[in-house]
Each structure stands twice: as C-alpha cells, then as structure tokens.
Amino acid sequence: MSDAAMIELRNVSRQFGDITAVDKLSLRIEKGEICVFIGTSGCGKSTTLRLLNKLIDCSSGEIWVDGEDVASLDSKLLRRRMGYAIQSTGLFPHWTVERNIGVVPRLLGWPADRIDARVRELLELLSLPYATFVHKFPSQLSGGQAQRVGVARALAADPDILLMDEPFGALDPITREALQNELLRIQSHIHKTIVFVTHDIDEALRLATRIVVMDKGRIVQHDTPENLLNNPVNSFVEDLLGQGERGLKRASLERVEDFMLPLGAAGLPSLSIEAGSSLRQALSLMLWQRADLLCVRDQAQVPLGILPISALLQSKSS
C-alpha cells in the first residue's frame, strides 16, 4: 500500500445553515477499492460523494485525490477526471446513446474516431451490442439498459475514480442483481477506484471491498464486509445488518468451492450447484429440495466435489 491514498478525507465537515450533514469525516480510500457508503436516509453519504467532485464545497477540512488537494483544482476539470453515475441516469433525452456516452470525451477534445472507438468498446463491455444500441434514444431503452449507458458515460473518459450514487436503486430486483454482477465483472477488468452509495445492506456486502457505515454525518464503522458481519461495533451496525440474518448474509459472501469435499467412490448426488455459487444459494437449494448433499460442478458441468449440509457450518471466516 502506498503512502498516498487515491482519496483521502481529512477532518471534513459540511454545514447547511444550522444542520451538520457531514461531521469531521476522516477516511482513506485506496486505489482499486470499491468503497461503499451505507446508512439511513440523511446520514450524509450522498453529501460526502458530492464533496469528492466539488459539486458542493467543504465547510472545513481537506479532501485529497491522487495526492492533490481538491481545493486547489478547477472544479470542472476535476469532474472530468471522475466518472459520475446516479440513480436517474441523467441521460440527455434528445441525444442518442452514442452522443450521451461521448459527451465528456468531446469536452476533452478527443478526435471523432477515438470517441467512436471508445463508445464501441464500452457498449460491448456492458453487454449492449453496438449496432443495436448506438443510435437509440433514452426513451427507447429499458431501465437496466439506461443504467448501463449511464455507467458507460461515466467511464467514457477512462477516469481513475468512479462515483456512483444509488445507481441501481430504482430498478427491479432481477435487473438490479444483473447490474451488480455486471459491475463486478467490469471491475475485474478495469480496476477503478469506485465510491458507491447505497441504502441496501445486501448490495453493500455484495459489492464492497470495504464498507463505510454512517450515522448523523459521522463514520460509525469502516471495515471489510466479513469483519463488519463478524464484529459490528455497536447496536446501530447490528440493526443495519439485520441481527436475525447475519448468518445468511455471511453465507452470501462465502463460495461453495471453498467448502466442498472431494468426490467419493459412491455415486454423485442428483442435485448440482456451480462451484462459484454462494453458500446461501446452496442452503436455499437444499431447503427447497429437502436435500442434505449437493454435487459441485464447474461451469462446464464437470463434477468437482460434493457439498454436505454439515460443511455449511464450517465457516472459514470465524
């Protein structure tokens, strides 16, 4: 880990009149992390995100980005160095997908052929075939497709930092899960520093490298998903996690392949699950099918091992 974080907040506060929205926040976000802010409505998480790209200014304290004090940087130039994706997508309704994605590269003076190549690259990366979507308007897109275009626009100028303010919050559960998977897949290729705001603890646990729990403008706990589940610092964090569901939430972070046992001489169980599935998915399948043993297979359906229900109790994180 280098001495300089990609993002560092030093005793940052923001007041709106007599209301303190962010209260003496200090935080390091390292390069390549997905840092997820979560808390109840009004806790200061979205305000903190807007402080990072100077949509609003700090009342006090300092924010440093990649070794530079943002107070010394031009606001417009800073924002062009950061992607920004929001819940409502913010797409210009009278512009095509191609023009929406290319807006920041055009502002930066990129040549037309470079912009076209970048639009092609991002549409394919986000599973939106170029020929099908490039000339469509936002009104012709589904909610999930529009969010993908919003993410593509945020990534268009290849920023080091991507800010995401509840980008999947208005979507149905199936589309939301698909886009969470898409974001994790993309991150495995591009390795950006992502700051993500959500009110959904399952989304936070699924996406985050580290989670920042906020309450009343302050950080309550900053930790990995595993440590947050295993060692919540107080009752507020316990309640946020759902005291009665912490075991299931931890099971959603653990992979079947880490708990499976070797294949035996006996025949294979009739029920199967992929090795990359979560223990929570395995438990759900066992309960639904009233089974206590699963065959673990790879994506090509080749048997790799077995998963007895007793293996689910042997947590590697405790």
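Being a predicted model, the structure only gives us computed values, none of them experimental.

**Some points on the UniProt feature "domain: ABC transporter" (unreviewed entry) in the chain**
In the numbering used here, UniProt assigns the "domain: ABC transporter" (unreviewed entry) feature to residues 7–241. Taken as a whole, residues 7–241 contains 40% helix and 27% strand, while its terminal C-alpha atoms sit 26 Å from one another.

**Some thoughts on unusual backbone geometry**
Phi at D158 takes a positive value of approximately 55°, unusual for a residue other than glycine. One non-glycine residue, H191, lies in positive phi territory at about 55°. If you trace the backbone, H191 turns up in the loop between α8 (173–190) and β8 (193–198).

**Examining the side chain of K249**
Mapping K249 onto the fold places it in helix α12 (residues 246–251). On the basis of relative accessibility, which here comes to 4%, the residue K249 falls in the buried class. Excluding residues within four positions of it along the chain, K249 makes contact with I201, D202, L205, L229, L241 and R280.

**Focus on the nonpolar core**
I101, L123, M164, F196 and I211 are the most contacted members of the largest nonpolar core, which totals 47 residues. Sort the elements by how many residues they give to this core and helix α7 (residues 143–155) lands first, with six residues. Ignoring any residue separated from it by four or fewer positions in sequence, one finds M164 in contact with L49, A85, V151, L183, I194, V195, F196 and V197. The next biggest cluster of nonpolar side chains, apart from the first, holds 27 residues, and it includes M6, V65, L78 and V195.

**Focus on the domain arrangement of the chain**
Along its sequence, the chain is carved into domain 1 (7–249) and domain 2 (254–313). Computed over C-alpha atoms only, the centres of domain 1 and domain 2 are separated by 35 Å.

**Let's talk about the pairing of strand β3 (residues 34–39)**
The buried count for β3 comes to six of six residues, which makes it a mostly enclosed element. Where burial is concerned, the two faces of β3 agree: the one with I34, V36 and I38 and the one with C35, F37 and G39 are both buried. Across five bridges, the pairing between β3 and β8 is parallel. Bridge pairing links V36 to F196 in β8. Here β3 runs beside strand β9 (residues 210–215); their pairing, made up of five bridges, is parallel. Across the sheet, residue F37 finds its bridge partner in β9, namely V212.

**What about the pattern of salt bridges?**
Here the structure, examined in full by the defined rule, presents 15 salt bridges. Here R120 and D116 are joined by a salt bridge, their closest N and O atoms 3.1 Å apart. Of this pair, R120 and D116 both sit in helix α5 (residues 112–125), separated by four residues, roughly a single helical turn. Here D116 falls in the partly exposed class, since its relative accessible area comes to 22%.

**Quick word on the packing of aromatic side chains**
Counted by the stated rule, this structure contains two aromatic pairs. Their ring planes at 50° and their centres at 4.5 Å tell us that F92 and W95 sit as a pair that is tilted. Since its relative accessible area comes to 15%, W95 is described here as buried. Geometry around F16 places R14 over its ring, the cationic atom sitting 4.4 Å from the centre. Its guanidinium or amino end placed over the ring of Y130, R120 lies 3.8 Å from that ring's centre, counting from NZ or CZ.

**Some points on α8**
Over its 18 residues, α8 runs 25 Å from end to end, which matches the ideal 26 Å to within 8%, given 1.5 Å per residue. Those residues of α8 that fall on the buried side of the exposure criterion are T175, R176, L179, Q180, E182, L183, I186 and Q187. Burial along α8 is one-sided: seen end-on, the buried residues are contained in an arc of 165°. Exposed side chains of α8 directed beyond 90 degrees from the buried face belong to P173, I174 and H189. Looking at the buried side of α8, the elements it contacts are β3, α5, α7, β7 (161–165), β8 and α9 (201–207). Sitting at the amino-terminal end of α8 is D172, which places a side-chain oxygen 3.1 Å from the backbone nitrogen of I174. Looking at the residues trailing α8, positive phi occurs at H191, about 55°.

Rules of the game
Residues numbered from 1 in each chain as written. Predicted model: local features only at pLDDT ≥ 70, side-chain atom pairs only at ≥ 80, totals over all residues. Heavy atoms only, no water. UniProt positions renumbered as here; feature names shortened; annotations may be inferred. Helix = DSSP H or I, 4+ residues; strand = E, 2+ residues; numbered from the N terminus. Buried < 20%, exposed > 50% of the residue type's maximum accessible area, 1.4 Å probe, protein only. Contact = heavy atoms within 4.5 Å. Core = buried A, V, L, I, M, F, W, Y, C linked by side-chain atoms within 4.5 Å. Domains from an automatic or database assignment. Pairing = 2+ DSSP bridges. Salt bridge = Lys/Arg side-chain N within 4 Å of Asp/Glu carboxyl O. Phe/Tyr/Trp six-rings, centres within 6.5 Å; stacked < 30°, edge-to-face > 60°. Lys NZ or Arg CZ within 6 Å of the ring centre and 35° of its normal. Expected span 1.5 Å × (residues − 1). Arc of directions from axis to C-beta. Polar contact = N/O pair within 3.5 Å; in protein donor to acceptor, adjacent residues only side chain to side chain.

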